[in-house]
Amino acid sequence: MLAPWNEEGRLLAAVRGGDRSAAEELVERTYSAVYASLYRLCGDGDLAADLTQETYRKAWEALDGFDGRSQFFTWLYRIAYTTFLNHIRRPRRITSFDEEGAPEVPDHSPGADQLISEREEGARLRAAVMTLPEDLRFTVAAHFWGGLPVKEIARIENITGVAVRKRLHKAFSILEASLDEEK
Amino acid sequence: MTANRKADLQRKLTLAPVAKPPAGLAERIKREIPKDLRFNAETERERLSKAVSFNLRVAASILILVSSAYLGLQLLSRLDEKQSVTQQPARNPVAVRAQPKVLTAPAAAKEETQVPAAPPVVREKRAATRHRRPTAVASAPVPAAAPTPPAQSVNAVAEQRASGIMAFDRVASKSAAVVADVVETTTSPVSGKEMRYSARDKKVQVVTSKLQDERITPWASVSPAAKLKILETELAAGGDRKAIARVAREAGLTDFADSIEKR
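Only a predicted model underlies this, so the values are computations on that prediction, with no experimental measurement involved.

1. Some words on the overall build of chain A
Here is step 1: Counting its regular elements, chain A contains eight helices and zero strands.
Here is step 2: Written out in order from the N terminus, the α and β elements of chain A read α-α-α-α-α-α-α-α.
Here is step 3: Pairs at least 24 apart in sequence give 64% of the contacts found in chain A among residues at least 6 apart.
Here is step 4: Accessible area of chain A: about 10200 Å², with a carbon and sulfur share of 50%.

2. Re the overall build of chain B
Here is step 1: A tally of regular secondary structure across chain B gives twelve helices and four strands.
Here is step 2: Burial analysis of chain B (263 residues in total) assigns 31% to the buried set.

3. Focus: a nonpolar patch on the surface
Here is step 1: Taken together, the side chains of Phe-54, Val-58, Ile-62, Leu-65 and Val-66 of chain B define a hydrophobic patch exposed on the protein surface, amounting to about 490 Å² of accessible area.
Here is step 2: Within the element layout of this structure, Val-66 of chain B appears in helix 3 (residues 41-91).

4. Focus: the packing of aromatic side chains
Residue and element names in this part refer to chain A.
Here is step 1: The tally for this structure, following the rule as stated, stands at nine aromatic pairs over all chains.
Here is step 2: Between Tyr-35 and Tyr-39 the ring centres are 6.3 Å apart and the planes differ by 25°, which places this aromatic pair in the stacked class. Highlighted residues: Tyr-35 and Tyr-39, both in helix 2 (residues 20-42), separated by four residues, approximately one helical turn.
Here is step 3: Measuring from ring centre to ring centre gives 6.2 Å for Tyr-56 and Trp-60, while their planes differ by 45°; the resulting arrangement is tilted.

5. Things to note about the interface of chain A and chain B
Here is step 1: The interface of chain A with chain B comprises 38 residues on the first partner and 28 residues on the second.
Here is step 2: Between chain A and chain B the total buried area reaches about 3200 Å² when both faces are included, carbon and sulfur atoms providing 64% of it.
Here is step 3: Together, Arg-20, Gln-53 and Phe-172 of chain A form the three largest contributors to the area buried by chain A at its contact with chain B, with a combined 18%.
Here is step 4: In this assembly, chain A and chain B are joined by three salt bridges.
Here is step 5: Remark: the boundary between chain A and chain B carries nine residue pairs in polar contact (both at pLDDT 80 or more).
Here is step 6: At the level of secondary structure, the elements contributing two or more residues to the side of chain A that touches chain B comprise helix 1 (8-16), helix 2, helix 3 (45-61), helix 5 (112-130), helix 6 (134-145) and helix 8 (161-182) of chain A.
Here is step 7: Counting residues per element, the side of chain A that touches chain B draws most heavily on helix 2 of chain A, at eleven residues.
Here is step 8: Its residues assigned to classes, the side of chain A that touches chain B comprises 19 nonpolar, seven polar and twelve charged.

6. Structural notes on the nonpolar core
Here is step 1: Counting 65 residues, the largest nonpolar core has Leu-41 and Tyr-77 of chain A together with Leu-13 of chain B as its most contacted members.
Here is step 2: With twelve residues, helix 2 of chain A is the largest single contributor of residues to this core.
Here is step 3: Discounting residues that sit within four places of it in the chain, Leu-13 of chain B has contacts with Leu-125, Val-129, Val-140, Phe-144, Trp-145, Phe-172 and Leu-175 of chain A.
Here is step 4: In terms of nonpolar packing, the next biggest core, distinct from the first, is built from 21 residues, Met-195, Leu-235, Ala-245 and Ala-257 of chain B among them.

7. A word on the pairing of strand 3 (residues 203-206) of chain B
All names here are of chain B.
Here is step 1: The pairing of strand 2 (residues 194-198) with strand 3 spans four bridges and is classified as antiparallel. Each residue of the ladder has a partner; that of Ser-198, found in strand 3, is Lys-203.
Here is step 2: The hairpin formed by strand 2 and strand 3 contains four residues between the paired strands, and Lys-202 there has a positive phi angle of roughly 55°.

8. So, the pattern of salt bridges
Here is step 1: Evaluation of the coordinates by the stated rule reveals 17 salt bridges over all chains.
Here is step 2: A salt bridge links Glu-134 of chain A to Arg-137 of chain A; the shortest N-O distance between them is 2.5 Å. Taken together, the residues Glu-134 of chain A and Arg-137 of chain A, both in helix 6 and three residues apart, mark about one turn of the helix.
Here is step 3: Residue Glu-134 of chain A is classed as partly exposed on the basis of its relative accessible area of 30%.
Here is step 4: A residue is classified by how much of its surface remains accessible, and Arg-137 of chain A, at 10% relative accessible area, is buried.
Here is step 5: Its salt-bridge partner being Glu-232 of chain B, residue Lys-229 of chain B comes within 3.7 Å of it at the nearest N-O pair.

9. Comments concerning the sheet that holds strand 2 of chain B
Residue and element names in this part refer to chain B.
Here is step 1: Across the sheet, which stays open at both edges, the four strands sit in the order 3-2-1-4 with mixed pairing between neighbours. The open sheet terminates on both sides in strands that have one partner only, identified here as strand 3 and strand 4 (216-217).
Here is step 2: Across the sheet, helix 10 (residues 224-236) touches strand 1 (183-187), strand 2 and strand 3, and the angle it forms with strand 2 is around 125°.

10. Description of the packing of helix 6 of chain A against helix 1 (residues 3-14) of chain B
Here is step 1: Look at helix 6 of chain A against helix 1 of chain B: their axes get within 9 Å of each other, and the N-to-C directions meet at 70°. Of the possible angle classes, the one that applies to helix 6 of chain A and helix 1 of chain B is roughly perpendicular. By crossing handedness, the relation of helix 6 of chain A to helix 1 of chain B is classed as right-handed. Between helix 6 of chain A and helix 1 of chain B, the residues in contact are Val-140, Phe-144 and Trp-145 of chain A and Gln-10, Leu-13 and Thr-14 of chain B, respectively.
Here is step 2: Residue composition of the contact of helix 6 of chain A with helix 1 of chain B, grouped by class: four nonpolar, two polar and no charged.

Rules used in this analysis
- Residues numbered from 1 in each chain as written.
- Chains lettered and ligands numbered in written order.
- Predicted model: local features only at pLDDT ≥ 70, side-chain atom pairs only at ≥ 80, totals over all residues.
- Heavy atoms only, no water.
- Helix = DSSP H or I, 4+ residues; strand = E, 2+ residues; numbered from the N terminus.
- Contact = heavy atoms within 4.5 Å.
- Areas by Shrake-Rupley, 256 points an atom, 1.4 Å probe, with all protein chains shown as cover.
- Buried < 20%, exposed > 50% of the residue type's maximum accessible area, 1.4 Å probe, protein only.
- Patch = residues over 30% accessible without salt bridge, like charges linked within 9 Å, V, L, I, M, F, W, Y side chains within 5 Å.
- Salt bridge = Lys/Arg side-chain N within 4 Å of Asp/Glu carboxyl O.
- Phe/Tyr/Trp six-rings, centres within 6.5 Å; stacked < 30°, edge-to-face > 60°.
- Buried area = accessible area lost by both parts, 1.4 Å probe.
- Polar contact = N/O pair within 3.5 Å; in protein donor to acceptor, adjacent residues only side chain to side chain.
- Nonpolar A, V, L, I, M, F, W, Y, C, P; charged D, E, K, R; others polar.
- Core = buried A, V, L, I, M, F, W, Y, C linked by side-chain atoms within 4.5 Å.
- Pairing = 2+ DSSP bridges.
- Axes fitted to C-alpha atoms, helices over the stretch in contact; angles between N-to-C directions.
- Parallel < 35°, antiparallel > 145°, perpendicular 65-115°, else oblique.
- Left-handed = near helix turned anticlockwise from the far one by under 90°.

Structure below.
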């Protein structure tokens, strides 16, 4: 995967100079990665799209506050992650599609069982990650689902790379215990 | 945790489904890009300079406030000091100014001997100051009924003065200025002219026309300061030196008499 933060510095300067096309290019280069990381966090395509849109909305508002200490994408990922957290914390009405009387649509595609199994496993893993303490959760999500290198996470979290690795190690231990319990 | 288990977890996390963004998401995001994206360096600089100048103004105001308060306090304290200096002798004018009156002869002699030698002009001034004090007593609202201090304390004061505390004289002269004017009219024993002495102006005038209710005080009852000034006026007008010296000696103005005779 092409690192989305490579040319962001140049584009950012143009955006700050009022170049709208640069802003569009910045969106073009980063929105897939933002969407993907949000999708991995929430597991819902529509929700991930909405959250991606909200992430950029917030990013434009906060652009003056971006000090360039970290990569733009790292900063953007932080906004996306916070947006996701705000969303899951927000009280909302949940409509279940598994209601009684709902039409059952059979899936006859090949390997459906396998897909379902993989999805279920992914959902379990995601649920386990969501139960992690906040610092560990962010570190795992940013590293594995956001594609951020350890160095960038350390920079945005104001900690050392060693501390990030320690967090990851601790998170693995908790995740293992959590997944074993489910089994 | 085994290495295999860790690797398995890492693989599962990394292999989480990567979804493609829905079509049109980029357009939706782009539509929401604000029209004014410009991060204006000039505006920022202006804002910063405004903030700095505001801070400077606040600091300057505080400095001015503090320094003016300090100056005000200094001024007030000085005024207080001045007032206390001027009021202290004025509070009990009789006690202070009556001292020369009750000076006993030995004390006066002692005073004369202990005062350090000074040029004749200074001595004259001192004599004038000394003799002015009873004038102020005459003008003071508390007349002769005021109790006279004991001779012992007066002598102590006289000793203090003799030891060179000149501040007392300055204070006395200042307090004398505060007292209201006293006019004494008398007949000069030298020229026989009627002369008017003003304690406030310290001037002597030859009486040409009498003021309303003006009474002529006998020479013997005139204050020493008035006598001294009148005799000085006579001397300046070319009066008989010997006669002036004699009258001065009779009036107790020995310093003045000596200075005339020495000339």
